[in-house]
Amino acid sequence: MSRPAVRLPSAAAEFLSRPDPGVLTTLRADGTPHAAPVRFTFDAADGLVRVTTRAGACKARNVLAGGPAARVALCQADRFRWVTLEGRARVTDDPGRLAEAVRRYTDRYRTPPPAPSDLVVVEIAVDRVLSLNL
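Predicted model only: the values in this text are computed from it and were never measured.

S.K.: When you look at the packing of aromatic side chains in this model, what are you seeing that I'm missing?
M.R.: Counted by the stated rule, this structure contains 1 aromatic pair. Across from the ring centre of F40, 4.4 Å away, lies the NZ or CZ of R108, which sits over that ring.

S.K.: Looking at this structure, how should I read the pattern of salt bridges?
M.R.: Note that side chains of opposite charge can pair when their charged atoms are close. Under the counting rule described, the total for this entry stands at 13 salt bridges. Among the salt bridges present, the one from D107 reaches R103, with a minimum N-O distance of 3.1 Å. One end of the pair is D107 and the other is R103, both in helix α3 (residues 95-109) and 4 residues apart, which spans about a single turn. What you see here is one network of salt bridges that share partners, running through D43, R50, E100, R103, R104 and D107.

S.K.: Got a minute to help me understand the side chain of Q76 in this structure?
M.R.: Within the fold, Q76 resides in strand β5 (residues 71-78). Engagement of the side chain of Q76 in a polar contact is seen with the side chain of R108, the distance being 3.0 Å. Leave out the neighbours within four places in its chain, and Q76 touches F15, L16, R18, D20, P21, G22, F40, R81, W82, V83 and R108.

What counts and how
Residues numbered from 1 in each chain as written. Predicted model: local features only at pLDDT ≥ 70, side-chain atom pairs only at ≥ 80, totals over all residues. Heavy atoms only, no water. Phe/Tyr/Trp six-rings, centres within 6.5 Å; stacked < 30°, edge-to-face > 60°. Lys NZ or Arg CZ within 6 Å of the ring centre and 35° of its normal. Salt bridge = Lys/Arg side-chain N within 4 Å of Asp/Glu carboxyl O. Helix = DSSP H or I, 4+ residues; strand = E, 2+ residues; numbered from the N terminus. Polar contact = N/O pair within 3.5 Å; in protein donor to acceptor, adjacent residues only side chain to side chain. Contact = heavy atoms within 4.5 Å.

Pasting the structure below:
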């Protein structure tokens with residue numbers, strides 16, 4: 001999934017490079033939002049957010065149920081500063097994509113993510129960025 005680069009103001013890029021968690025919002029089948037705190041990585045060069053999780057987690061199930069049109073939002077906030085990354089999401093268990101997600105997670109958070117037997121990665125192709133006070 002190669003995407004065009006996402007241009008961010010330097011303050012927003014710096015903010016997203018901090019090892020803080022975010023909140024991933026997916027949509028349930030009935031259209032109501034499901035918000036879950038997550039650790040994530042953002043690759044601005046590829047316009048891609050990666051979230052590792054279990055295949056059976058609600059967030060992964062919601063994305064799978066939404067199919068290719070599944071839209072999600074991920075927000076990182078600190079008091080009155082925040083960045084929200086929106087886009088289409090997909091779930092994959094491709095070994096190469098999982099390895100890249102684990103590598104980036106480990107680099108960002110200085111520890112590998114949990115490794116359940118059903119580990120998958122939610123990849124978000126970012127097409128909209130919103131921010132405040134950055």
